[in-house]
Amino acid sequence: MLDLALSSMLSPVYLLAQEPAAEEVVKEAFKFSSLANQVLNGFGIVGILLLTALGLAITFGVMRIINLAHGEFIMLGAYITFWMQDTFNMDLLMTIPFAFVGTAIVGAIVELTIIRRLYGRPLETLLATWGLSIVLQGVIKLIFTAQLKYVKAPSYLSGGIDLLKDEAGSPLVSISYYRTFIIVVALALLAITMFLFYGTSWGRQIRAVTQNRSMAQCLGVNTKLVDMGTFAYGCGLAGIAGAVISALKTVAPPMGQDYLVDSWMVVVTGGVDKLIGILAGAFLIGESNAVLAFFLNDPTARVLVLGAVIVLIRYRPEGLFTVQKRT
Amino acid sequence: MRLKGLIVCVVKENKIKMSKSPIISSGFSRRKFLQYSSLAAGTSILAACTGGGSGGGDSADLGENPIKVGVLYSTTGTIAIVEKSLQDATFLAIDQINNGTGPWEANGAGISGRKIQSVVVNPNSDWDLYNQMAKRLIDEDQVVCVLGCYTSASRKSVLPVFEEKDSILYYPVYYEGNECSSNVFYTGAAPNQQITDSIPYSFENFGPKGFFIGSDYIYPKESNRIAIAELEKAGGQAVGDEYAALGTTEFITIINKIKAASPDFVLSNLVGDSIPAFYRQFKDAGLNAEDLPIMAYPTTEEEIQAMGPEYSAGHYTSFNYFQSVETPENEAFVSQFKEMFGDDRVTNGVMEAAYIQTFFMAQAMKDILEAGDEITTETLREATRGQEFNAPQGRVKVDPDNYHAYLYSRIGKWKEDGQAEIVFATDAAVKPIPWSQALYKGRMCVHPVPDDRSDPTKETGKELVPEFL
């Protein structure tokens, strides 16, 4: 592993040193328009990170449930979309509400049967949700088999926006409609969630319960209902993420694992107290990944970003955006 | 048998959890820690051992003295998507041999009356578990040989086991070459049956500049190294060489680098669930197959079906077999496979290799039993050398010298319906050469008769020319 990381880290240097032809290529790749294109497309990565991390920001950030089954809720959303397209021939956008409701119901059942019994015991929750993720993967595999599944992207979202073209008319800086669509969905969901949390009485109840459960109970808040509703909402958001990315990525039972790590990095980097933190976390991780990967390569960029997150958490364990609290 | 398998898992998983747990277990008692780790071990067993040890679907009466054969494919984890289909193809072949149907019709049910008992294990896409499961199959289940493995990483993991214990592995996958073991029969493509034809084809039809991509592990890196050497030999040039972590589904950076380098074609050695994501994002980023075709090795009918044929139309794959190959054997294979596993399934080249190697094995066993011998590693090895079979792809043969298979070399252009139009094919099966002649000029592999397991490599100093069956 170390050997692998080292050799891939050295490969650009190796290319520069060994092959004159490759040197030319590297120089060409540094052209400004290519970099601008990469930065713009980095926002596409940011959008996906934001979308997939939003559900976790609720279940972990707000409720403090160490939810290792988050990736599997994303997968459930993707499979609901696949199933509805397959049986009812529905447009992808039409399936989004069903993905939300479907995963939210599963989330509510999980809260009612497992999570509820484990509040205040983070380690047990960790093990329980990890077990749950294995069970969910197994169940989906039994129903839909291990084969990769095909989800059709809406035809009106194919093509892209060209911001800059060369003389021949081929785009130099462009981003596809679908990635733009993902960014818009992610920002809209973030705005809706923030409104729900900071602008409605339901949101006030949630914050009251997470800050002081027994006091909220004394004041007549139905904490059990609030807990279930919040967890279900977080899972529903993960379901939407799964539905939206299913047409750009791959739908398969283990797909959630990939997003789980990224989502955790985003939530932890951004800070768990404020929802706006995940916007900053997603932006930092997405763009630094995109830019580093452009100059080096993908695996190296991931190693560097992960290392940077570890250093950041060492010095700011509460993440970038924190609220001063009395303990 | 199942219990033994569980114990292997318990021991392994417990070891891992024991070492991991203290990191997260600040300030809770030793007793609780033990409870947690046994719980953790319990869930892992569920994941790793489901389906382990059972005979694959054929619980029918196996008669007296069945022949025990190990089947080593992952049905859980990241590689399960591919390996499950290899397992399916293997089960189809075993079913046909046991019941005397399909290509085995002339031989009657079983191998000289004895049936095959498959001992199925699931290594959960974990390279270390392949090693342990191989040991278990050989030592505890006493199988005569093993059919299995997909990735080169898993093959490298089990290779020392088969060599040390002197048992036989039938390996059905196109691979990077540079190997010639007395304990492995390689029935997938060697480099010269896939790379050596596809690179000159790309050079002539698309242009001299190639961009090479792949998943970040041994097969794609070695395969691309050989392909780059072939391209340079043909007079072309590699304008990029990029790798993505296994299982990655975000390719916008690599696609932007491809755009910046403006190559004439892209050579893809991405594997598994990365493939559909890459083709989709490739088209989504405004690149199309007419201006910039992708030539790929691991992209087969299965992945095309998952990405949607509209994303693959116009791109190319180089393989020995396509579902659209027109032979009576293939027609029968496709319909028998669909009959057993469902109409919506497709067949592909790796599955075909998994299918034909089971028949190579069965034919060799039949020869041994008819000669009145016992099936042992020595007799099976000698009997498998030179076996011929009318495969779905055409007539193929196990090379008696280097234990690889004579296979057809084909290039398919994907159509709108998800099937390939074959644009290049050799007239007969090509003799396998395990070492790329662009990198290791003149190196060949000849096992002595009978095989005494001495070093089989020979340096001729002269470039080996293609030979046909």
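Residues numbered from 1 in each chain as written. Chains lettered and ligands numbered in written order. Predicted model: local features only at pLDDT ≥ 70, side-chain atom pairs only at ≥ 80, totals over all residues. Heavy atoms only, no water.

1. Things to note about the overall build of chain A
Within chain A, the secondary structure is distributed over 13 helices and two strands. Buried residues in chain A amount to 50% of all 327 residues. Taking as baseline every contact in chain A between residues at least 6 positions apart, the subset at least 24 positions apart corresponds to 76%. Summing over all exposed atoms, chain A offers an accessible surface of approximately 15100 Å²; the carbon and sulfur share of this is 68%. (Helix = DSSP H or I, 4+ residues; strand = E, 2+ residues; numbered from the N terminus. Buried < 20%, exposed > 50% of the residue type's maximum accessible area, 1.4 Å probe, protein only. Contact = heavy atoms within 4.5 Å. Areas by Shrake-Rupley, 256 points an atom, 1.4 Å probe, with all protein chains shown as cover.)

2. Examining the sheet that holds strand E5 (residues 184-186) of chain B
Within a sheet, neighbouring strands are paired by backbone hydrogen bonds and run either parallel or antiparallel to one another. All names here are of chain B. Ordered in space as E2-E1-E3-E4-E5, the five strands form an open sheet in which the pairing is parallel. Edge positions in the sheet fall to strand E2 (116-121) and E5, since each of these pairs with one other strand and no more. On average, each strand axis in the sheet is tilted by 25° relative to the strand beside it, whichever way the strands run. As judged from the three bridges shared by strand E4 (residues 168-171) and E5, these two strands associate in the parallel manner. Counted as the bridge partner of Tyr171 is Tyr186 from E5. Relative to strand E3 (residues 145-148), helix H13 (residues 349-370) is tilted by about 165°, and along the sheet it contacts strand E1 (67-72), E2, E3 and E4. (Pairing = 2+ DSSP bridges. Axes fitted to C-alpha atoms, helices over the stretch in contact; angles between N-to-C directions.)

3. Focus: the environment of Pro160 of chain B
Its location among the elements puts Pro160 of chain B in helix H5 (residues 152-164). Along the backbone, Pro160 of chain B and Asn131 of chain B are 29 residues apart, and their C-alpha atoms lie at a distance of 8.6 Å.

4. Things to note about the layout of surface pockets
Residue and element names in this part refer to chain A. Counted as a void, the second largest pocket has a volume near 690 Å³. Lining the second largest pocket are 34 residues; nearest its centre among them are Gly61, Val62, Arg64, Thr210 and Asp273. No other element matches helix H8 (residues 201-211), which puts five residues into the lining of the second largest pocket. Class assignment for the residues of the lining of the second largest pocket results in 18 nonpolar, eight polar and eight charged. (1 Å grid on protein atoms, 1.4 Å probe; cavity = no way out; pocket = protein on both sides within 12 Å on 5 of 7 lines; lining within 4 Å. Points joined across faces, edges and corners; volume = space filled by probe spheres on them. Nonpolar A, V, L, I, M, F, W, Y, C, P; charged D, E, K, R; others polar.)

5. With respect to the interface of chain B and chain A
Facing the 51 residues of chain B at the interface are 50 residues of chain A. Taking both sides of the interface into account, the surface hidden between chain B and chain A amounts to around 4000 Å²; carbon and sulfur atoms contribute 55%. Inspection of the region where chain B meets chain A yields two salt bridges. For Arg179 of chain A, the salt bridge is made with Glu250 of chain B, and the minimal N-O distance between the two is 3.1 Å. Where chain B packs against chain A, one counts 18 residue pairs in polar contact (both at pLDDT 80 or more). (Buried area = accessible area lost by both parts, 1.4 Å probe. Salt bridge = Lys/Arg side-chain N within 4 Å of Asp/Glu carboxyl O. Polar contact = N/O pair within 3.5 Å; in protein donor to acceptor, adjacent residues only side chain to side chain.)

6. Concerning the confidence of the model for chain A
On average, chain A scores 84 in pLDDT, and the residues at 70 or more come to 88%. Taken together, the stretch residues 1-20 of chain A has pLDDT below 50 and engages in ten contacts with residues farther than four places along the chain or on a different chain. (pLDDT = per-residue confidence, 0-100.)

7. Here we look at the packing of aromatic side chains
Scanning the entire structure with this criterion turns up 37 aromatic pairs over all chains. Ring geometry for Trp104 of chain B versus Phe359 of chain B: centroids 6.1 Å apart, planes at 40°, classification tilted. Of the two residues, Trp104 of chain B sits in the loop between helix H3 (80-99) and E2 while Phe359 of chain B sits in helix H13, which places them 255 residues apart along the sequence. Judged by its relative accessible area of 1%, Trp104 of chain B falls in the buried class. Seen in terms of ring centroids, Tyr174 of chain B and Tyr219 of chain B are 5.4 Å apart; in terms of plane orientation they differ by 80°. Their pairing is edge-to-face. With Tyr174 of chain B in the loop between E4 and E5 and Tyr219 of chain B in helix H7 (residues 218-234), this pair connects stretches of sequence that are 45 residues apart. Assigned by exposure class, Tyr174 of chain B and Tyr219 of chain B land together as buried. Ring-pair connections join several aromatic residues into one group, and the members of that group are Trp104, Tyr321, Phe333, Phe337, Phe341, Tyr355, Phe359, Phe360 and Phe389 of chain B. Over the ring of Tyr119 of chain A we find Arg213 of chain A; its NZ or CZ atom is 4.9 Å from the centre of that ring. (Phe/Tyr/Trp six-rings, centres within 6.5 Å; stacked < 30°, edge-to-face > 60°. Lys NZ or Arg CZ within 6 Å of the ring centre and 35° of its normal.)

8. Details of the pattern of salt bridges
Residues and elements named next belong to chain B. All told, the structure shown has 25 salt bridges over all chains when counted by the stated rule. For Arg155, the salt bridge goes to Glu176, with nearest N and O atoms at 3.1 Å. Here Glu176 lies in the loop between E4 and E5 and Arg155 lies in helix H5, a separation of 21 residues in the sequence. For Arg155, a relative accessible area of 0% puts it in the buried group.

9. Quick notes on the side chain of Thr59 of chain A
By the secondary structure assignment, Thr59 of chain A is in helix H3 (residues 32-62). What Thr59 of chain A contacts, discounting residues up to four positions off in sequence, is Arg64, Ile65, Asn67, Phe231 and Gly234 of chain A.

10. Quick notes on H13 of chain B
Residues and elements named next belong to chain B. With 22 residues, H13 should cover 32 Å at 1.5 Å per step; its first-to-last C-alpha distance of 31 Å lies within 8% of that length. Its side-chain oxygen placed 3.1 Å from the backbone nitrogen of Val350, Asn348 serves as the N-cap of H13. Residue Gly372 follows H13 closely and has a positive phi angle near 80°. (Expected span 1.5 Å × (residues − 1).)

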